[in-house]
Every structure is written in structure tokens, then in C-alpha cells.
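Structure assessment
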Amino acid sequence: YSGRISRVIFSRGPDFAVFVLDRDNDDSITVAAKNCGLLLAGGKAKVEGVWVDSRYGLQLSADFVAQETETEIIIAQAFLMEVRGIGEVKAAQLVEHYGATLPEVLGDPKKLAKARGIGKVLASEISAKWRTKTPHDIANLELAAMGITPGARKHLLAKFGSRAASVVKANPWEACKANGIGFKSADVLAQRLGVPFTHPGRAQAAVLEAVKQATQKDGSTRITDAEMLAFAVEVQVAEADLQRAVRETVEEGLLVVPAPGVLELSVHDYYERTVAEKVLALSARCIEGEPVLPAGSTPTDEQTAAVVGLQRRAFGLLTGGPGVGKTWTCKAIVDVFRRRWPDMLIYGCAPTGRAAKRLGELTGLATSTIHRLLGCGMQSDGTMGWTFNAHNPLPAALVLVDEVSMVDTALAFR
């Protein structure tokens, strides 16, 4: 159904709204729409869905709404919704009142001050903010108007810059490459923007999604051709489109073929190779001097060999089933390092908070998660990252990591 939005009855932002659509034949229908984006009263729209008999009467339950509203007006509405003191309702009222002239009014504090509920002070503040918007800010607002979350917008802007909105409008599935949104969310966005599922970008995104899902569900960083084809059938991507998308994604450098009939994300391939190289290099590095033997109760030959061996190389892996004495050995390792190198820092960490706490109780160390030890979080430049890395390593120390079998490839790389 196509028509003009005459009235927004209820709105919950870009996720859900109920509105009246006036069709060209003078007929009006009530639409309850999910994933609708920011609705604009008076704007043209196209909806698709099924009729349901609700407690409010007969309504069209729409899965998506494709709007045909001028981009400038949608950007202006998104901008107003982020201004303190305006909010969603007042923004919609201003849009409805000024229509296509709203962007011009926002830049003129005298005109804006005449609007109901907007005084001179607020009008001046709004106009000043509107006039200083950069292309990056405008792209952010346009992405917000599409219903994309703040976190996803940050990823998209970081990858595509001020082109982010135009890139997503042309190919919503491109957002998957920036970790902006997932495959299903890209499908929803495409419906909202009126982009057909036959777009070649969807097949490429399906390839990447299949590999990501295999990693998350099965714990493997690789996927077979058969598994890839099964996923393509599930999301209704033709085999010919899939084969083309695989070739393009490999050529683009996002995927690698580590073995015939197998695919892997290039980033995971890089992580694995880096971890292997570092482990080999550290394992080959000898530590000079005579090892210190564990004190206290009489250890087994295996425990003594472990404590001595872990003092001779820069990397070691302690393994063993339940009841073989790993806990005693960990305590002994901490003890001998403190005796042999009294000034050396000793860090205890684990992939989870519970495992880290348990390690601390067993060894007497002050422990933390690996993420916390390496300073994962918001950095000084305003981006998410890691304080300690290849360019800023931890101070020289013994780093004791428990429950390493729980550490995935990406965290092992860190």
C-alpha cells in the first residue's frame, strides 16, 4: 500500500509506530509497523504486511515501512530528537508545522523562536548547534533517522566516515563488514529503505554471517563449503550468487581459503598465525640461571619438573586432569618466582571473573580478568581499545593465566 502519512497515533522511536496512511483513492488505513524508522507526518510511504483484527479495530500489521521523504527533513527531525528540551513529540510537531522549510528555520533563531514551546534561549542554542554540524555529524543524524543504534553508528562512521549514510542506503548489508549491524538487522534495514533482497551485497553478507555463526556456535574458526551452502539455502541465497559472493569476498581480503573446501575470516587467520608465531618465539627463549626448587611438602616428580621447566623458558603450558596437583604446582610456581626474582611483578588473570577470583584464592595473588589486566575499554581518544598491546606492553612480569581452554582466538591474540 502506498500513500501519505496523515497522523502518527503512537510512536516508540524507529522500532514501532501506529499511524494513519491516506491512500490515493481517498481511503485511509491504520498501520501498526515494526522497524519503521523515524516517521514524518505528511510524508509519502509504502508499507507491506498482513491485516489483523486488533482490539483497536482492523489494522495492517507491517514488517517494514519505506518512506519517500526528503533526506534533509529526516536529518532535521533526528537532530531535534537529540536536543535536550525537545524530545520526540515536540520534534514531530515542528516537522509537521514547518514541513520542507524546517532545515532553513533551524538555522534562523528568530523564526524558530516563534514556534510554540520554543523560547529565544532554546532557539539560539538549537540554531547554533545546527549551523555547526559537520558532514560527519550529518551522516550520524541520517543513520539515526534510519533507526540505527548509537553503538552501530559509531562503528559505521569509523569505517566509512561521512559517507556512512550513503553507503548504507545503497547497500545496507555493507554495514555488516563494519560490525555495525548483524545480518538480520541489515535485512530489516533493507526492507525499510526499499532495497531488494536480490542486491549482490546480501549474498556477500550471508557468506560472512555463515562464517561468524560457525565460529560462535561450534567454536571453530573455519567453515566447510557444505556448511556455507546450507546457510545460504536457509537465508534464501541462490547457489550461483553464493559462489560469486565467496569469490568477491576472498578477493576483497575479508576471507581466506586455508585449505580446499574450507573458508575462514582473514582476521581469524591473522590472529591464529600471530599467536602461533609468538608462542613459538617465547617457547624458544631460554632463561639463564639455576632454577629454584619448590619448598614445603614433597612434590611429585612431574610437579618438580613443571616448576623447574617453567623457570627455563619464557612460555609454558601447564596441563593435567583432575587431582594431579595443578593447584599445588601453581602455588609453587608463584613461590619460586618470588624467591628467585623478588622484584618481579606477578599478574594472575583468567577469562572470566569467577575463574580469576578462584585463582586468587588458590595462589594469594591479586587477580583480574584478562580484559581488565590489558585495559580493555574506552581509551583516551574516545574509541574502544586495549591499553596494553604490542606498542605498549605490560611491564616485565610473570603472567599466570588460568582456564586457558576458555580463551578464544581473539582474546589469545590480545
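These numbers were taken from a predicted model, which means no experiment stands behind them.

All right, on to the environment of Ala412 then. By secondary structure assignment, the location of Ala412 is in helix 18 (residues 409-413). Classification of Ala412 by relative accessible area gives partly exposed; the value is 40%. With residues up to four places along the chain from it excluded, the contact list for Ala412 reads Val275 and Val407.

Counting across every chain of the model gives zero disulfides. Just so you know, Cys376 is unpaired, no disulfide at all, and the nearest cysteine sulfur is the one on Cys349, 13 Å from it.

Once that is clear, we can look at the nonpolar core. Counting residues in each nonpolar core, the largest one holds 42 residues, and the members touching the most others are Leu143, Ile148, Leu156, Val168 and Met228. Elements that contribute at least two residues to this core include exactly helix 6 (135-145), helix 7 (150-160), helix 8 (164-170), helix 9 (183-193), helix 10 (200-218), helix 11 (225-234), helix 12 (239-251) and strand 8 (262-265). Residue contributions to this core peak at eight residues, all from helix 10. The residues touching Val168, leaving out its near neighbours within four places in the chain, are Leu143, Met146, Ile148, Leu156, Ala175, Leu189 and Leu193. Grouped together as the second largest cluster of nonpolar side chains are 26 residues, Ile73, Val83, Leu94 and Ile126 included.

Below, the discussion takes up the pattern of salt bridges. For the structure on display, the rule yields 13 salt bridges. As a salt-bridge pair, Arg23 and Asp27 come within 3.5 Å of each other at their nearest N and O atoms. Taking relative accessible area as the criterion, Arg23 reaches 26% and is therefore assigned partly exposed. Residues joined by salt bridges that share partners form a network here, namely Glu174, Lys177 and Glu252.

Turning to the packing of aromatic side chains, a few remarks are in order. Applying the stated criterion across every chain, the model contains nine aromatic pairs. Centre to centre, the rings of Tyr270 and Phe413 are 5.6 Å apart; their planes meet at 55°, and the pair counts as tilted. Of this pair, Tyr270 sits in helix 13 (residues 266-284) while Phe413 sits in helix 18, and the two are 143 residues apart along the sequence. Ring pairs connect the aromatic residues Tyr270, Tyr271 and Phe413, which therefore count as one cluster.

Attention now moves to the sheet that holds strand 10 (residues 367-369). Ordered in space as 10-9-13, the three strands form an open sheet in which the pairing is parallel. Taken across any chain shown, the strands that pair with only one partner, and hence form the sheet edges, are strand 10 and strand 13 (397-401). Mean inter-strand twist for the sheet, computed between neighbouring axes without regard to direction, equals 30°. Sheet analysis places strand 9 (residues 345-350) next to strand 13, joined by five bridges and oriented parallel. Its bridge partner being in strand 13, Leu345 is matched across the sheet by Ala397.

One can describe the packing of helix 10 onto helix 11 by two numbers: an axis separation of 10 Å at closest approach and a directional angle of 115°. Classified by the angle their axes make, helix 10 and helix 11 are roughly perpendicular. For the pair helix 10 and helix 11, the sense of crossing is right-handed. Between helix 10 and helix 11, the contacting residues are Ala206, Val207, Glu209, Ala210, Val211, Gln213 and Asp218 on the first element and Glu227, Met228 and Phe231 on the second. Tallied by class, the residues present in the contact of helix 10 with helix 11 amount to six nonpolar, one polar and three charged.

Before going further, it helps to examine the environment of Ala190. Relative to the helices and strands, Ala190 resides in helix 9. A relative accessible area of 0% places Ala190 in the buried class. In this structure the C-alpha to C-alpha distance between Ala190 and Leu143, which are 47 residues apart in sequence, comes to 13 Å. Sequence-distant contacts of Ala190, that is, excluding residues within four places in its chain, are made with Pro172, Trp173, Val195 and Phe197.

What counts and what doesn't
- Residues numbered from 1 in each chain as written.
- Predicted model: local features only at pLDDT ≥ 70, side-chain atom pairs only at ≥ 80, totals over all residues.
- Heavy atoms only, no water.
- Helix = DSSP H or I, 4+ residues; strand = E, 2+ residues; numbered from the N terminus.
- Buried < 20%, exposed > 50% of the residue type's maximum accessible area, 1.4 Å probe, protein only.
- Contact = heavy atoms within 4.5 Å.
- Disulfide = S-S within 2.5 Å.
- Core = buried A, V, L, I, M, F, W, Y, C linked by side-chain atoms within 4.5 Å.
- Salt bridge = Lys/Arg side-chain N within 4 Å of Asp/Glu carboxyl O.
- Phe/Tyr/Trp six-rings, centres within 6.5 Å; stacked < 30°, edge-to-face > 60°.
- Pairing = 2+ DSSP bridges.
- Axes fitted to C-alpha atoms, helices over the stretch in contact; angles between N-to-C directions.
- Parallel < 35°, antiparallel > 145°, perpendicular 65-115°, else oblique.
- Left-handed = near helix turned anticlockwise from the far one by under 90°.
- Nonpolar A, V, L, I, M, F, W, Y, C, P; charged D, E, K, R; others polar.

What is shown is where atoms sit, not what they do.
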